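Remarks on the overall topology
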2 protein chains.
Amino acid sequence: MIQSPVWRSPITASDRVLAEIQQAIVAGEIPAGSKISEPELARRFAVSRAPLREALARLERCHLIERTPNAGARVVTLSTAGLRSLYEIREELEGLACRLAAEHMADDEIADMRRLLDQHLQEQRVREGESYYQEAGDLDFHYRIIFGSKNQYLINILCDELYYLMRMYRVQLGMNGPRVSRAFDEHKAIIQAIANRDGELADLLMRRHIAASRRHIEIQLQQMGK
Amino acid sequence: MIQSPVWRSPITASDRVLAEIQQAIVAGEIPAGSKISEPELARRFAVSRAPLREALARLERCHLIERTPNAGARVVTLSTAGLRSLYEIREELEGLACRLAAEHMADDEIADMRRLLDQHLQEQRVREGESYYQEAGDLDFHYRIIFGSKNQYLINILCDELYYLMRMYRVQLGMNGPRVSRAFDEHKAIIQAIANRDGELADLLMRRHIAASRRHIEIQLQQMGK
DNA sequence: ACTTAGCAGATTGTCGACAATTATAATTTA
DNA sequence: TAAATTATAATTGTCGACAATCTGCTAAGT
């Protein structure tokens, strides 16, 4: 199993406050663009400034805050331009992940994924169009493929460094909505291609899948008048 | 100009030791795979453990060290598998950078790059086959294209997080050698495609360019008997 | 002789305080 | 009145020391 440098299980105080601040930022509890005060956060989470600074360093790694020397840190500001930048990279790297997964995933891993997908299908029939599926199921799907690539750096970039920022966009700009059944079909086609060891096709399908998701988000943003 | 979270100009003590340790690791002065002792490094670079730990956190971000909680940090070990993982990502992302650069680079930026390339050509005729060109010229070329993409996350990933590891492989596994003139021609073709605003072609050419570089390295490694 | 339990040593994580730098506001001057 | 300047205040960067945890060795027991 690969050791994740940003999330190792929350045993130390630094890990705990990291998880709490991450959640607070993603949820918008600490507003986007606001300045971060180290003493204030230290009091709020009942730790010293040493573990807090370590947590801030890792938050910077996740692109959730931006620091300038001797001038403090600010929570990132969300923008449509930033979202597009993020998805440009995501499209490319998850396509690569598909190609590598088709090459490196073990047969039983693929079988596991199909079982998982069938399980999601049953749940989906019950809670039709609920956004919870989009959260858990979609992410689980993408996670498994990324880990299936067996490429350590790829896993780090997608699951550690860019993941929380993507979630922040999802939560704060309100990207729920249906598109579930179509996404589900796309997921199934991607798995099928990987099972056939057709990396090129899986790559293509994943790029389309993410591009479709991006268009969906852009439309939703336009309707919000952003 | 984009603020780089890992290299902001070395004004603080943390930045200074970061730069020194980076150089020491890349050069192999601190051996690959060796365990890192915080008190020892603190004495060696004449700083307290606080800025040293901040530097270590950023070294981890560059994939130059690996930390396990309550058990210390180790310098990464180099391997052909790791090198391949690195180049898989590099190929993908620098291809994307080309496509975006063809879209976003200003005309004078492109003109600047052509001047730079002509300048390299003149230097190259003088010191034929010298490995210094490969270092400075090649990197400068790739840097400019990456920055030309105007994608902040792409710039961070390629120029901050993966750059030093690539240099480490270059230095320690001895990737010098000629291949200069061919690389130069490839560079020129890529610029031409960007100038023509043909992102798709620039993408393809850059992927080939990097793939060729990878094959060259793999052959060299095989000859070394690694 | 081998395994296991306990102990010693060292290392990492955390804390509170001090020093250096920067942002802010009041004050002075043109 | 507005701009420049100084002084104050708050924040960040750094330091040395203490506490919690892990590693390796010693010693006892089976």
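Residues numbered from 1 in each chain as written. Chains lettered and ligands numbered in written order. Predicted model: local features only at pLDDT ≥ 70, side-chain atom pairs only at ≥ 80, totals over all residues. Heavy atoms only, no water.

If you check an unreviewed UniProt entry, chain A appears there as GntR family transcriptional regulator from Aliidiomarina haloalkalitolerans.

Along the backbone of chain A there are 10 helices and 3 strands. For chain A, the α and β elements follow one another from N to C terminus as α-β-α-α-β-β-α-α-α-α-α-α-α. Looking at chain A residue by residue over its 226 residues, the buried ones come to 53%. When contacts within chain A are restricted to residue pairs at least 6 apart in sequence, those whose partners lie at least 24 apart make up 78%. (Helix = DSSP H or I, 4+ residues; strand = E, 2+ residues; numbered from the N terminus. Buried < 20%, exposed > 50% of the residue type's maximum accessible area, 1.4 Å probe, protein only. Contact = heavy atoms within 4.5 Å.)

Here the focus is the environment of Ala50(B). Position of Ala50(B) relative to the elements: it lies in helix α3 (residues 49-61). Residues Ala50(B) and His142(B) lie 92 residues apart in sequence; the distance between their C-alpha atoms is 35 Å.

Moving on, we get to the pattern of salt bridges. All chains considered together, the criterion is met by 38 salt bridges over all chains. Put simply, Lys150(B) and Glu109(B) hold a salt bridge, and the shortest N to O gap is 3.0 Å. A residue pair is termed long-range when its members are at least 10 positions apart, and Lys150(B) in the loop between α6 (131-148) and α7 (152-161) and Glu109(B) in helix α5 (residues 107-126) qualify at 41 residues. Taking the relative accessible area as the measure of exposure, Lys150(B) reaches 41% and is therefore partly exposed. Assessed through its relative accessible area of 30%, Glu109(B) is described here as partly exposed. Salt bridges sharing common partners tie together Glu92(A), Arg99(A), Asp203(A), Arg207(A), Glu92(B), Arg99(B), Asp203(B) and Arg207(B). (Salt bridge = Lys/Arg side-chain N within 4 Å of Asp/Glu carboxyl O.)

Bringing the nonpolar core into the picture now. Judged by nonpolar contacts, the single largest core of 127 residues is most densely connected at Ile145(A) and Ile145(B). If near-sequence neighbours (up to four positions away) are discounted, Ile145(A) is found in contact with Ala97(A), Cys98(A), Ala101(A), Met113(A), Ile190(A), Ile194(A) and Met206(A). (Core = buried A, V, L, I, M, F, W, Y, C linked by side-chain atoms within 4.5 Å.)

The next subject is the interface of chain A and chain B. Counting from both sides, the interface comprises 32 residues of chain A and, opposite them, 32 residues of chain B. Between chain A and chain B the total buried area reaches about 3,000 Å² when both faces are included, carbon and sulfur atoms providing 54% of it. For chain A, the biggest contributors to the area lost against chain B are Ile89(A), Glu92(A) and Tyr153(A); these three give 21% of the whole. When the shortest N-O distance is used, the salt bridge between Arg67(B) and Glu54(A) registers 3.5 Å. (Buried area = accessible area lost by both parts, 1.4 Å probe.)

Surveying the vicinity of DNA strand D reveals 16 residues, the closest of which are Arg49(A), Arg53(A), Thr12(B), Ala13(B) and Ser48(B). Take the atoms of DNA strand D that sit within 4 Å of the protein: sugar and phosphate atoms are 69% of them. Take Arg49(A): an N or O atom from its side chain is 3.0 Å from a base nitrogen of DNA strand D. Measuring from a phosphate oxygen of DNA strand D, one finds a side-chain N or O atom of Arg53(A) at 2.6 Å. If you list the elements that add at least two residues to the surface near DNA strand D, you get α2 (38-45) and α3 (49-61) of chain A together with α1 (13-26) and α3 of chain B. Here the surface near DNA strand D takes 3 residues from α3(B), the largest share from any one element. Its residues assigned to classes, the surface near DNA strand D comprises 6 nonpolar, 6 polar and 4 charged. (Near = heavy atom within 4 Å. Polar contact = N/O pair within 3.5 Å; in protein donor to acceptor, adjacent residues only side chain to side chain. Nonpolar A, V, L, I, M, F, W, Y, C, P; charged D, E, K, R; others polar.)

Moving on, we come to the sheet that holds strand β3 (residues 72-75) of chain A. Residues and elements named next belong to chain A. Judged by pairing direction, the sheet is antiparallel, and its 3 strands sit side by side in the order β1-β3-β2 without closing on themselves. Each of the sheet's edge strands pairs with one partner strand only, and the pair in question is β1 (35-36) and β2 (65-68). Pairing geometry for β2 and β3, over 4 bridges, is antiparallel. Looking at the pairing, Thr68 lines up with Gly72 of β3. Its contacts with the sheet put α3 on β1 and β2, and the angle it makes with β2 is roughly 110°. (Pairing = 2+ DSSP bridges. Axes fitted to C-alpha atoms, helices over the stretch in contact; angles between N-to-C directions.)

On to the sheet that holds strand β1 (residues 35-36) of chain B. Strand pairing within a sheet occurs via backbone hydrogen bonds; the two strands may be parallel or antiparallel. All names here are of chain B. Judged by pairing direction, the sheet is antiparallel, and its 3 strands sit side by side in the order β1-β3-β2 without closing on themselves. Edge strands, defined here as strands with exactly one partner in the open sheet, are β1 and β2 (65-68). Of the pairings in the sheet, the one linking β1 to strand β3 (residues 72-75) comprises 2 bridges and is antiparallel in character. Bridge pairing in β3 links Ile36 to Ala73.

All names here are of chain A. Under the domain assignment, chain A is made up of domain 1 (13-75) and domain 2 (80-223). When the two sides are added together, the surface that domain 1 and domain 2 hide from each other amounts to roughly 880 Å², 63% of it contributed by carbon and sulfur. On the domain 1 side of the contact with domain 2, Val26, Arg61 and His63 bury the most area, a combined 52% of that side's loss. Across the domain 1-domain 2 interface, the total number found is 1 salt bridge. Residue Arg61 is joined to Glu161 by a salt bridge in which the shortest nitrogen-to-oxygen separation is 3.5 Å. Joining domain 1 to domain 2, the criterion identifies 3 residue pairs in polar contact (both at pLDDT 80 or more). The element that contributes the greatest number of residues to the side of domain 1 that touches domain 2 is helix α1 (residues 13-26), accounting for 3 residues. Split by residue class, the side of domain 1 that touches domain 2 holds 7 nonpolar, 3 polar and 1 charged. (Domains from an automatic or database assignment.)

Below, the discussion takes up the protein's contact with DNA strand C. Close to DNA strand C lie 16 residues; Thr12(A), Ala13(A), Ser48(A), Arg49(B) and Arg53(B) are nearest. The protein-proximal atoms of DNA strand C, defined as those within 4 Å of the protein, are 67% sugar or phosphate. A distance of 2.3 Å separates a phosphate oxygen of DNA strand C from a polar side-chain atom of Thr12(A). A distance of 3.4 Å is found between a phosphate oxygen of DNA strand C and a backbone nitrogen or oxygen belonging to Ser14(A). Listing elements by their share of the surface near DNA strand C, those giving two or more residues are α1 and α3 of chain A together with α2 (38-45) and α3 of chain B. Considering each element in turn, the surface near DNA strand C owes the most residues, 3 residues, to α3(A). Grouping the amino acids of the surface near DNA strand C by side-chain chemistry returns 6 nonpolar, 6 polar and 4 charged.

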